[in-house]
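Residues per chain, in single letters:
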Amino acid sequence: MVESVQRAISILDKNVYQVTLNGTTYRRTVPSKEFYVHQWLWDSATHAMGLVYVDEQRAFDELFSLVSGQWENGLIAQITFNPNEKKYFPGPEYWGTEKCATGEIKTSGITQPPLLGISFAHVFSHTHSKKLQSRLLLEILPKVLKYHDYLKDYRDPENSGLLTVVHPWETGLDNSPRWDKPLQNIKLADIPDSVKSLVNRYRSDDKLSDPRVRPGLDDYYRYMYLVHLFKSWNWDYRVIVKKSPFAVKDILFNSLWCEANEALAKVLTTIDRNDDALRLKGWADETRQALRARRDPVTGYFRDQDVSSATPTDIGANTIATFLPLLAEAVDEKDAASTLSLLTDPAQFWTKTPVASTALSAKEFDPLKYWRGPTWPITNLFVIEGLRKYAKSPRAQSIRKELEDKTLSMIDAHGFFEYYDPQNGAARPGKPTPLGFGSFSWSAAIYVYLTYRRKEVV
Ligand code: 2M8
């Protein structure tokens, strides 16, 4: 265990990228040098949550760099690009976001699940250095709050309590079966040849990794078509949210949004910013209410909604997202037992190496393909923290402890990979269980986080 923590820290050390932009030096951690050579929003939020236990300065640096490319409208992008890195497609040249850039800091044009507020609150409460604490409040908190204002203002224009995401990459679970149906709104025949040929020429993930474990070609055509559309609308989010053919109220994104507002409201209360705390607490409450209404009483699943047309439709796929409302405390006590039974059902999610990202019984389940079945440390982390919220339930706490153990031993046994075969090697007999890219930063950061967090009295 101690040895694995050391190995985790050395991965986080090796994945550091230092750069000076606009006269300021940034130290940020890339997800994996094998492919993801820039800074990703919810990856870095996770890195900071682990790093704070072992190196407060680096946790601060990670967040400092993450907010550095914030747009004037408040958006914090999915990717903050590192200069001169060519491995990743789509790099900065494909986004057309130059006019939104902060000087030399270039970014993509979409966002990712809002884990940042949760990360900020965790880093703030675990930082002992008074100097760093005050820098967190002065230099980072205002930008995190501005990001929340952006999300509320631009992504919930109808004030429903649920934010709209406009690209599968914004959901973080890029090729989740939940997006199959909404993506059908984009007909392949309508995608210009110029977009398809960009993908054909420059797509690199399927060359650097086994294409079986990555999203399909049609997915990439659609991903890049959405980028092309948003670019043609000048990255005007009033237009994008109204017109995007992919527009979804995502359960996972909104559960994190709810919890991020709760976590930030607590920080704001401790520094006597009570009006701001109340505002964010109000957003958390309205989102929790709206999430509750998304539970299908027949199946017990929380359903995302396709809102790309005037008549919103429920999305039927059965995936790990259904456990995220635990984190938002949006699972009523009377429903918690059935949610826990679904989670621990070996024929659905509680596989040999849980938690499968898509239910085993779902027709879309694929043990190798990215977000369509494999187990991911990041989603396990959310399930663990969600279970922790149900402190009065001995059953929830015993499942949580079991999942902590299983997540740590999965990483111990197979190394710090991007994701893992949920059936522990059964999908590729004789081949290793880990999948995707290696020396993966958030798997390392989650290892550190879980090791320390379980020792805390919470
Ligand atoms: C994956 O997504 C990127 C696009 O953002 C990609 O496949 O190129 C996802 O797993 C996402 O959740 C993650 O943040 C990113 C970097 O680890 O990789």
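Provided above is the structure to which this section pertains.
Residues numbered from 1 in each chain as written. Predicted model: local features only at pLDDT ≥ 70, side-chain atom pairs only at ≥ 80, totals over all residues. Heavy atoms only, no water.

## Observations regarding the pattern of salt bridges
Rule in force here: Counted as salt bridges are all cases of a side-chain nitrogen of Lys or Arg within 4 Å of a carboxyl oxygen of Asp or Glu. A simple rule labels every residue: compare its accessible area, found with a 1.4 Å probe on the protein chains alone, to the largest value its type can have, and call it buried under 20%, exposed over 50%, or partly exposed in between.
According to the stated counting rule, one finds 39 salt bridges in the structure shown. The salt bridge involving Asp206 is made with Lys207; its shortest N-O contact spans 3.1 Å. Residue class for Lys207 comes out exposed when judged on its relative accessible area of 56%. Of the charged contacts, one joins Lys363 and Glu364 as a salt bridge, the two residues approaching to 3.3 Å between their closest N and O atoms. Put simply, Glu385, Arg388, Arg400, Glu404, Asp405, Arg453, Arg454 and Glu456 are held in one network by salt bridges that share partners.

## Digging into the nonpolar core
Counted only if it meets this: Grouping buried Ala, Val, Leu, Ile, Met, Phe, Trp, Tyr and Cys residues that are joined through side-chain atoms within 4.5 Å yields what is termed a nonpolar core. Each helix is a run of DSSP H or I of at least 4 residues and each strand a run of E of at least 2, with the numbering of both proceeding from the N terminus.
Counting residues in each nonpolar core, the largest one holds 157 residues, and the members touching the most others are Phe120, Trp235, Tyr237 and Ile378. Top element by residues in this core is helix H12 (residues 251-270). It accounts for 12 residues.

## A look at the packing of helix H15 (residues 377-388) against helix H17 (residues 441-453)
Stated precisely, the cut-off is as follows: As a rule, the C-alpha atoms of each element are fitted with a line to give its axis, helices using only the stretch in contact, and angles between N-to-C directions run from 0 to 180 degrees. Oblique is the label for any angle not under 35 degrees, not over 145, and not in the 65 to 115 range, which are roughly parallel, roughly antiparallel and roughly perpendicular in turn. The sense of a crossing depends on the near helix, which, turned anticlockwise from the far helix by less than a right angle, makes the crossing left-handed and, turned clockwise, makes it right-handed. What makes two residues a contact is simply this: any of their non-hydrogen atoms within 4.5 Å. Three classes are used, and their members are as follows: Ala, Val, Leu, Ile, Met, Phe, Trp, Tyr, Cys and Pro are nonpolar, Asp, Glu, Lys and Arg are charged, and the others, Gly among them, are polar.
For the pair H15 and H17, the least separation of the axes is 9 Å and the interaxial angle reads 25°. Relative to H17, the element H15 lies roughly parallel. The two elements H15 and H17 meet at a crossing, and its hand is left-handed. Listed contacts from H17 to Pro377, Ile378, Leu381, Ile384, Glu385 and Arg388 of H15 are Trp442, Ser443, Ile446, Tyr449, Leu450 and Arg453. The residue inventory of the contact of H15 with H17, partitioned by class, reads 8 nonpolar, 1 polar and 3 charged.

## Topic: the side chain of Asp43
The line we're drawing: Positive: Lys, Arg. Negative: Asp, Glu. His and the chain ends are not part of the count.
Inspection of the secondary structure assignment puts Asp43 in helix H2 (residues 41-51). Salt bridges are absent for the buried Asp43, whose nearest opposite-charge side chain, Arg214, sits at 10 Å. Setting aside chain neighbours within four positions, we find Asp43 in contact with Pro31, Gln112, Phe440 and Trp442.

## Points about helix H14 (residues 333-343)
To keep things clear, this is the line we draw: What the arc describes is the spread of directions from the helix axis to the C-beta atoms.
Looking at H14, one finds that the buried residues are Asp335, Ala336, Thr339, Leu340, Leu342 and Leu343. Seen from one end, H14 has its buried residues packed into an arc of 155°, which puts them on one side. Packed against the buried residues of H14 are H15 and helix H16 (394-414).

## Some details on the site of the ligand
Note the cut-off: Near residues are defined by distance, with any heavy atom within 4 Å of the molecule or strand qualifying the residue. Polar contact is the term for a pair of N or O atoms within 3.5 Å; when the atoms are in protein, one must be able to donate a hydrogen and the other to accept it, and sequence-neighboring residues count only if both atoms are side-chain atoms. Computed with a 1.4 Å probe, the accessible areas rest on the Shrake-Rupley method; for each residue, only the protein chains presented here act as cover. Cavities and pockets were defined on a 1 Å grid built over protein atoms only: a cavity is a set of grid points that admits a 1.4 Å probe from which the probe cannot escape, a pocket is an open set flanked by protein on both sides within 12 Å along at least five of seven lines, and lining residues are those with an atom within 4 Å of any such point. A molecule is counted as occupying a cavity or pocket when more than half of its atoms fall within 2 Å of that pocket's grid points.
Taken together, 18 residues lie near the ligand, and Asp43, Tyr88, Gly172, Asp174 and Tyr370 sit nearest. In the model, an oxygen atom of the ligand is placed 2.9 Å from a nitrogen or oxygen of the Gln112 side chain. Within the complex, 100% of the 410 Å² of free accessible area of the ligand lies under protein. Counting atoms within 2 Å of the grid points, the majority share of the ligand lands in the largest cavity.

## Things to note about the sheet that holds strand S7 (residues 313-314)
Condition: At least two DSSP bridges between two strands are required for those strands to pair.
Spatially, 3 strands are ordered S5-S6-S7 in an open sheet, and the strand pairing comes out antiparallel. At either margin of the open sheet sits one strand with a lone partner, and together these are strand S5 (248-249) and S7. Here 2 bridges tie strand S6 (residues 305-306) to S7, and the two strands are oriented antiparallel to one another. Residue pairing for S7: Gln305 is matched across the bridge by Asp314.

## Quick notes on the pairing of strand S2 (residues 24-29)
Pairing of strand S1 (residues 16-21) with S2 involves 6 bridges; the strand directions are antiparallel. Within S2, the residue paired with Gln18 across the bridge is Arg27. The antiparallel pairing of S1 with S2 creates a hairpin that spans 2 residues between the two strands, and Asn22 there sits at a positive phi of about 50°.

## Regarding the packing of aromatic side chains
Our working rule: Each aromatic pair joins two rings of Phe, Tyr and Trp (for Trp, the six-membered one) with centres within 6.5 Å, and gets the label stacked for planes under 30 degrees apart, edge-to-face for over 60, and tilted for any other angle.
Evaluated as defined, the whole model comprises 37 aromatic pairs. Here the aromatic rings of Phe323 and Phe349 are separated by 4.9 Å at their centres, their planes lie at 85°, and the arrangement is edge-to-face. With Phe323 in the loop between S7 and H14 and Phe349 in the loop between H14 and H15, this pair connects stretches of sequence that are 26 residues apart. One exposure class covers both Phe323 and Phe349, and it is buried. Look at Trp376 and Trp442: their rings are 6.4 Å apart centre to centre, the planes differ by 80°, and that puts the pair in the edge-to-face class.

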